[in-house]
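Fold and geometry: a report
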Amino acid sequence: MEGPGFEARHPTNTCTHTHPSATIRIMIAPLRNRSYRHLFSAQVVALVGTGLLTIALGLLAFDIAGGSAGRILANVLTIKILIYVIASPIITALAAYWRVTPVLVGADLVRAAVALTLPFIGAEWQLYVAIAVLQGASATFTPTFQAVIPRILPDEEEYTQALSMSRLAYDLEQIASPVIAAALLTVVSYTNLFLGTVAGFLASAALVVTATLPGARPRPAANTTSIVDRTLRGIRLMVTHPRLRALLWINLAVAAPMAMIMVNSVVIVRAELGLGESALAWVLAIFGLGSMAVALAMPKILTLIDDRPIILGGALLAAVVLVLLLIDPSPAFAILAIAWLALGVGLSAMQTPIGRIIRASAGEDDLGYVFAAQFSLSHACYLLTYPIAGWLGDAAGLQAATAALAVLAVIGTGMAAATWPRVKVSA
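Keep in mind the model is a prediction, meaning the values are calculated, not measured. (Residues numbered from 1 in each chain as written. Predicted model: local features only at pLDDT ≥ 70, side-chain atom pairs only at ≥ 80, totals over all residues. Heavy atoms only, no water.)

**Some details on the packing of helix H4 (residues 100–117) against helix H7 (residues 193–210)**
Contact geometry for H4 and H7: axes closest at 8 Å, N-to-C directions at 165 degrees. Regarding the angle of H4 to H7, the classification is roughly antiparallel. Considering only the axes of H4 and H7, their crossing is left-handed. Seen from H4, the contacting residues are Thr101, Leu104, Val105, Asp108, Leu109, Arg111, Ala112, Ala115 and Leu116; seen from H7, they are Phe194, Leu195, Thr197, Val198, Phe201, Leu202, Ser204, Ala205, Val208 and Val209. A breakdown of the residues in the contact of H4 with H7 according to their chemical character gives 14 nonpolar, three polar and two charged. (Axes fitted to C-alpha atoms, helices over the stretch in contact; angles between N-to-C directions. Helix = DSSP H or I, 4+ residues; strand = E, 2+ residues; numbered from the N terminus. Parallel < 35°, antiparallel > 145°, perpendicular 65-115°, else oblique. Left-handed = near helix turned anticlockwise from the far one by under 90°. Contact = heavy atoms within 4.5 Å. Nonpolar A, V, L, I, M, F, W, Y, C, P; charged D, E, K, R; others polar.)

**Here we look at the nonpolar core**
Inside soluble globular proteins, nonpolar side chains tend to come together where they are buried. Of all hydrophobic cores here, the largest spans 121 residues; its most connected members are Leu39, Ile149, Trp340 and Met350. The element best represented in this core is helix H9 (residues 242–272), accounting for 18 residues. Apart from residues no more than four positions distant in its own chain, methionine 350 is found in contact with Ile250, Ala253, Val254, Ile311, Gly314, Ala315 and Ala318. The next biggest cluster of nonpolar side chains, apart from the first, holds five residues, and it includes Val294, Met298, Ile310 and Ala349. (Core = buried A, V, L, I, M, F, W, Y, C linked by side-chain atoms within 4.5 Å. Buried < 20%, exposed > 50% of the residue type's maximum accessible area, 1.4 Å probe, protein only.)

**Section: the environment of isoleucine 90**
Within the secondary structure, isoleucine 90 is located in helix H3 (residues 69–94). Residue isoleucine 90 is classed as partly exposed on the basis of its relative accessible area, which comes to 38%. Considered as a pair, isoleucine 90 and alanine 139 are 49 residues apart in the sequence and their alpha carbons are 9.9 Å apart.

**Here's the deal with H9**
Between its first and last C-alpha atoms H9 spans 43 Å; for 31 residues at 1.5 Å apiece the expected length is 45 Å, and the two agree. Of all the bends in H9, the largest measures some 55 degrees and sits at asparagine 264. A positive phi of about 70 degrees marks glycine 274, the residue just after H9. (Expected span 1.5 Å × (residues − 1). Bend = angle between axes of the 7 residues up to and from the residue.)

**A few points about the pattern of salt bridges**
Inspection of the entire model under this criterion finds two salt bridges. We note a salt bridge from arginine 356 to aspartate 307, for which the minimum N-O separation is 3.5 Å. Of the two residues, arginine 356 sits in helix H13 (residues 354–361) while aspartate 307 sits in helix H11 (residues 307–325), which places them 49 residues apart along the sequence. This pair shows no difference in class: arginine 356 is buried, exactly as aspartate 307 is. (Salt bridge = Lys/Arg side-chain N within 4 Å of Asp/Glu carboxyl O.)

**Describing helix H10 (residues 277–304)**
For H10, which comprises 28 residues, the first-to-last C-alpha distance of 42 Å matches the rise-based estimate of 40 Å (1.5 Å per residue) to within 8%. Where H10 bends most, at methionine 298, the angle is about 55 degrees, and the proline proline 299 comes one to four residues later.

Structure below.
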């Protein structure tokens, strides 16, 4: 593993004949920490609610625009990303010395309140306003959540396991939420899925309240750093550090296939293949299955292989899948399922180790800033890929959108490989 001090923490015994139950026990070791256990539970329930929201929004967009649903989803997701890119570094700079618990709970309550209004949305502009407010709260919650985990899990091995568990929670949500949604859609309208989102955010807030989290960071005796300096601090670190600079290109390699999934899954399944609402839920569950498989294996893999080949391998796989989709951007459901499974594998391989790279490359005082910068800059890539997936797909066809996204994935993968040093560099 790259970074000073990491090599000594790798197990000296690289035997791969580890009993599965032992692997599971090792992986869930961070749950012995009460604070992390409560935060992880909060993440799980909030993710399930968010997953229901994603499916409901896709079906709402199809009801509004039919085969042009990609355009509405692209608008919604672009608004989301604009909020993330603009708000996240600023909020993190403002909240640098705020107590963690009120920030997380307040963000959850705002998200729950907005989600409660979504079943009653009657106009497209109302949807855009609601999404902007909801994502503003998420832009507050997520970097704060990411930055507090290494503070409550200072041991590197436990932190690595926590990263995989966090990714596993995300992947399980991508399976559980579509399955739950598919079952609910047999008896209720999709608008009722929004109520599940409300319940998820409220449960998350309750779990955060019961966790014992670090207090506010002490203010320096003479803090002359301006809000602008604090806002740009993490961005400057990412641009100047070799490993973090490579992540900027990986973010592009992630954003291209993710845009294809988030924007065009509903178009392919409902408009191109003419399948029902539950088919959309199932294809997204298959995507989550591929991602979950990698997350489960990642703790063991990371004891044997450095981050660089894992992340670049995932980027290459995702790029190849997009290129192959050019043969038929709306294939039969079985082929689509295989492609989405492979994209889940590639995206998880790219995203799961990122927290380790940030931790190895940033000091304790800089973690919050760098996580916020990564959150903001990674989502900035979606300002390019979401409009391509939705607007270009609506105007020029699904194949044109797929081709453009494939080009971006190849560029991101190639530039990350060229930028990321093969030799270990000091943080």
